[in-house]
Each structure stands twice: as C-alpha cells, then as structure tokens.
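# Summary of the model geometry
If you want the building blocks of each chain, they are given just below.
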Amino acid sequence: MNRINVKNLLDISAALSKEKDYNKLLSRILKEAMDMTHCDGGTLYLLSGGSLRFKIMVTHSLGYCKGVTGEPIDLPPVALEKSNVCACAAIEKRIINVADVYLCSEYDFSGPRNYDTITGYTTKSMLVVPMQSHEGDIIGVLQLLNAMDCHKAVVPFSSDYENAIESLASLAAVSITNMNHIEEIKGLFESFV
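Here we summarise the structure given alongside this text. Residue numbers restart at each chain and count upward from 1, following the sequence in its written direction. Restriction of local features to residues with pLDDT of at least 70 applies here, the model being predicted, together with a cutoff of 80 or more for giving and counting side-chain atom pairs; totals for whole chains, interfaces and linings are based on all residues. For the side-chain quantities, the full set of heavy atoms in the structure was used; hydrogens and water were omitted.

### Section: the overall build of the protein
Here a strand is any run of E in DSSP of at least two residues, a helix any run of H or I of at least four, and the numbering for each starts at the N terminus. Of the regular secondary structure elements, the protein holds five helices and eight strands. Starting at the N terminus, the α and β elements of the protein follow one another as α-α-β-β-β-β-α-β-α-β-β-β-α. Think of it in three bands: residues with accessible area under 20% of the maximum for their type are buried, residues over 50% are exposed, and the middle band is partly exposed, with areas taken using a 1.4 Å probe on protein chains only. Burial analysis of the protein (193 residues in total) assigns 42% to the buried set. Pairs of residues are marked as contacts when any of their non-hydrogen atoms sit within 4.5 Å. Of the contacts formed within the protein by residues at least 6 apart in sequence, a portion of 59% connects residues at least 24 apart. Only the protein chains shown count as cover for residues, and the accessible areas themselves come from Shrake-Rupley with a 1.4 Å probe. Counting only carbon and sulfur atoms, one obtains 54% of the accessible surface of the protein, whose full area is about 10,400 Å².

Laid out in structure tokens, this is it:
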C-alpha cells in the first residue's frame, strides 16, 4: 500500500468514526471504496436473516443511485450459497477478484447478467470484499464493478487495491458494529425510562 493510500485510509477512518447518521455512514463506505479503486459501480450488502440484503447500489455511468437515504432496494436478498460470488466472499471470508464476469464460470453471474440486459450496462470486472468485524463476524459485503483506467476504459481491478479495500472494509465493519451497539444501548436506556 503506498503512502497516498495510507493517508486516505487514515482520513477515511477518522470520517467514519465521526459519522452519526447510519445511511450516511453506509453511503460514505461505498463512495470511498469506489473512489479508491476508480470504479464505475458498487453495491453494499448487509448480512441479515441469513442472507445478504442490498443496502446501496451506485452506477455512475447510468446515473443510478439507490439506498443512499435508506430507501429500500426492491431486489430479493442474496442467499448464502457459494455459487454466488458475494455470498462466497462472505462464507469464505476472502476477497474475490474477477477480471471478466462473462468469462468466469466459477460463480453464478446470472444476477449481473440480468442487470446488464435490463439496463444496457456491461458488467466486466468485479472486486468483492467481505466486511468482517474485529470478532471475525461478517457484517456485509462490498461489491465493486468495472475498474476504470485513466482513459475511462474498463479494466480488471489491480491486486494492489485488495489490501486497501480490505482495510476499508474492516474499518467499515467496526463503524457499523459500533453504530449498531450504540442504537441497542439507546433502545435499552429508553426501555428503562
């Protein structure tokens, strides 16, 4: 990780720890991950009820942005099955870097392909990173789409990004966990009052 990435992570860490609004926190996490990797799209999933639930979806080139103010995303949750790349990253607690989803047969990419058919988008490269708490629990998953080079051409995600995004995902998991704990304490306090 180069010096710029370390400084970015320090700045992001400070910003995440200060954010008090849950939806702004989630939006900031995805925005920072997308900015760091120079990608066109991203999805932040949270683990809930044994599946991954869509919380925020952004695709810059389509002008698509859902979930940033907490509005629900009308897509079915992703089952925790290893055939799905996001679920596999969560189950195996590892980063998955796919150069071209249309050439990869290891995972079921019917979801991205359906999205592409509906929107006219072309999902090519993908970086999937689990958000893991300091206790080792999976909180959610960051899925980043279509890394861009300096000419705005879609390229595979550089392996250099993996450590930086893994660090960001870890910071994100801690921030989300802390915010959830604070809300639990507030609820407990209010029940006493």
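After that view of the structure, there is still more to cover.
### Topic: the pairing of strand E2 (residues 51-59)
For E2, the buried fraction is high: seven of the nine residues fall into the buried class. Paired strands, in this sense, are two strands between which DSSP finds at least two bridges. Bridge count between strand E1 (residues 39-48) and E2: eight bridges; the pairing is antiparallel. Looking at the pairing, Leu47 lines up with Leu52 of E2. Between the end of E1 and the start of E2, which pair antiparallel, lie two residues, with Gly49 showing a positive phi angle near 60°. Summarising the sheet, E2 and strand E4 (residues 78-79) pair through two bridges and their orientation is antiparallel. In the sheet register, Ser51 faces E4, and the bridge partner there is Ala79. Sheet topology note: the E2/strand E3 (residues 64-66) ladder contains three bridges and is antiparallel. Residue pairing across strands places Thr59 opposite Tyr64, the latter belonging to E3. The hairpin formed by E2 and E3 contains four residues between the paired strands, and Gly63 there has a positive phi angle of roughly 65°.

### Some words on a nonpolar patch on the surface
Patches were defined on residues exceeding 30% relative accessible area and lacking a salt bridge, with like-charge contacts within 9 Å and nonpolar side-chain contacts (Val, Leu, Ile, Met, Phe, Trp, Tyr) within 5 Å. When a carboxyl oxygen of Asp or Glu lies within 4 Å of a side-chain nitrogen of Lys or Arg, that pair is called a salt bridge. A cluster of nonpolar side chains, namely Leu47, Leu80 and Ile91, defines an oily patch on the protein surface of about 210 Å² accessible area. When you line up the elements, Leu80 lands in the loop between E4 and helix H3 (85-92).

### Re H3
Counting buried positions along H3 yields six of eight residues, so the element is predominantly enclosed. Looking at the buried residues of H3, the elements they touch are E1, E2, E4, strand E5 (96-98), strand E6 (126-132) and strand E7 (138-148). Nitrogen and oxygen atoms within 3.5 Å of one another constitute a polar contact, given that in protein one can donate a hydrogen and the other can accept it, and given that sequence-neighbouring residues count only through two side-chain atoms. With a side-chain oxygen positioned 2.9 Å from the backbone nitrogen of Cys86, the residue opening H3 is Asn84. Positive phi shows up at Lys93, right after H3, with a value of about 50°.

### Points about the nonpolar core
In these notes, a set of buried Ala, Val, Leu, Ile, Met, Phe, Trp, Tyr and Cys residues joined through side-chain atoms within 4.5 Å is what counts as a nonpolar core. Grouped together as the largest cluster of nonpolar side chains are 27 residues, with contacts concentrated most on Ile29, Leu44, Met131, Leu142, Leu144, Ile165 and Ile176. Residue contributions to this core peak at seven residues, all from helix H2 (residues 22-37). In contact with Leu142, not counting residues within four places along its chain, are Ile29, Leu30, Ala33, Thr43, Leu44, Leu127, Val128, Val129, Met131 and Ala169. Core analysis: the second largest hydrophobic core is formed by 25 residues, Tyr45, Val98, Val101 and Ile138 among them.

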